Amino acid sequence: MTLFSDMLEGYSRFRDSDWKEERERWEILGEGQSPKVMVIACSDSRVDPTQIFDTRPGEIFVVRNVAALVPPFETTPGLHGVSAALEFAVQVLKVEEILVMGHGLCGGCQAALNKSLEGAPLGEGGFVANWISLLDEAQSHVAAHYGTHGAEAERAMEKAAVK
Ligand SMILES: [Zn+2]
């Protein structure tokens with residue numbers, strides 16, 4: 001298990017190895033970034049897009065959240081983090097492709113499927129419940145065909161979430 005103190009040691013190792021070996025690359029990246037792909041991925045600690053796609057710093061622009069969701073376009077005042085990231089990637093960075101990366105054993109998708117957090121108070125699952133309610137329409141289709149429990153239903157929900 002990695003604690004913050006372990007991460008500080010990791011940072012020291014990084015500064016002594018990769019950072020030094022790729023000094024030229026970091027200097028170029030210091031002038032700006034120009035990734036060609038944006039990845040929208042889940043916050044799940046097991047699915048790091050930079051590791052999975054074997055990319056180097058500066059190559060992909062990533063936004064991560066529970067279940068890798070993109071909320072609907074809204075013009076109401078608010079804190080639209082995903083919209084801000086999309087806007088920056090498309091308008092400023094001019095990414096050429098946007099990839100939504102789902103994954104197996106997604107807890108967010110599972111909770112959306114079986115509605116296990118429905119009605120939970122904020123701070124006790126309620127924020128997640130509200131967020132994954134974005135999947136309610138997809139959930140109704142999946143539940144009608146596969147039910148709300150089991151590996152087949154979960155896999156279908158994970159695929160539907162990406163769509
Ligand atoms: Zn997930």
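Note that the structure is predicted; figures quoted are calculated from it, not measured.

Thresholds, definitions, all that
Residues numbered from 1 in each chain as written. Predicted model: local features only at pLDDT ≥ 70, side-chain atom pairs only at ≥ 80, totals over all residues. Heavy atoms only, no water. Domains from an automatic or database assignment. Contact = heavy atoms within 4.5 Å. Buried area = accessible area lost by both parts, 1.4 Å probe. Salt bridge = Lys/Arg side-chain N within 4 Å of Asp/Glu carboxyl O. Nonpolar A, V, L, I, M, F, W, Y, C, P; charged D, E, K, R; others polar. Helix = DSSP H or I, 4+ residues; strand = E, 2+ residues; numbered from the N terminus. Buried < 20%, exposed > 50% of the residue type's maximum accessible area, 1.4 Å probe, protein only. Donors = N, O, S within 2.8 Å, 3.2 Å for Na, K, Ca; no water. Pairing = 2+ DSSP bridges. Axes fitted to C-alpha atoms, helices over the stretch in contact; angles between N-to-C directions.

### Focus on the domain arrangement of the chain
When the parts of a complex come together, some accessible area is lost, and that lost area is often used as the size of the interface.
Alright, step 1. Examined at the domain level, the chain breaks down into domain 1 (1-32) and domain 2 (34-162).
Alright, step 2. Once you take the C-alpha centre of each, domain 1 and domain 2 turn out to be 28 Å apart.
Alright, step 3. If you look at the interface, domain 1 gives five residues, while domain 2 gives five residues.
Alright, step 4. Surface buried jointly by domain 1 and domain 2 totals about 380 Å² across both partners, of which 46% is contributed by carbon and sulfur atoms.
Alright, step 5. At the surface where domain 1 touches domain 2, the tally comes to one salt bridge.
Alright, step 6. Here Arg-56 ties to Glu-22 by a salt bridge, and the two come within 2.5 Å at their closest N and O atoms.
Alright, step 7. Split into classes, the residues belonging to the side of domain 1 that touches domain 2 amount to two nonpolar, one polar and two charged.

### Here we look at the pattern of salt bridges
Alright, step 1. Counted under the stated rule, the structure contains six salt bridges.
Alright, step 2. For Lys-20, the salt bridge goes to Asp-16, with nearest N and O atoms at 4.0 Å.
Alright, step 3. Of the charged contacts, one joins Glu-158 and Arg-155 as a salt bridge, the two residues approaching to 4.0 Å between their closest N and O atoms. Remark: Arg-155 and Glu-158 occur in helix α9 (residues 151-162); sequence separation between them is three residues, near one turn of the helix.
Alright, step 4. Residue Glu-158 is classed as buried on the basis of its relative accessible area, which comes to 7%.

### What about unusual backbone geometry?
Alright, step 1. At Asp-54, a residue that is not glycine, the phi angle is positive and equals roughly 50 degrees.
Alright, step 2. Structurally, Asp-54 can be placed in the loop between α4 (49-52) and β2 (60-65).
Alright, step 3. Phi is positive for Lys-94, which is not a glycine, with a value near 60 degrees.
Alright, step 4. Along the chain, the position of Lys-94 falls in the loop between α5 (81-93) and β3 (97-101).

### Observations regarding the coordination of the zinc ion
Alright, step 1. Of the protein atoms, only Cys-42 (SG), His-103 (NE2) and Cys-106 (SG) coordinate the zinc ion, at distances of 2.1 to 2.3 Å.
Alright, step 2. Sequence spacing among the residues donating to the zinc ion works out to C-x60-H-x2-C. The exposure classification of His-103 matches that of Cys-106, with both residues buried.

### Regarding the sheet that holds β2
Alright, step 1. If you trace the three strands from one edge of the open sheet to the other, you get β2-β1-β3, paired in parallel fashion. Edge positions in the open sheet fall to β2 and β3, since each of these has one partner strand only. Sheet twist, expressed as the mean angle between neighbouring strand axes with direction ignored, is 20 degrees.
Alright, step 2. Relative to β2, strand β1 (residues 37-42) runs parallel, the two being bridged by six bridges. Note on β2: the bridge partner recorded for Met-38 is Phe-61.

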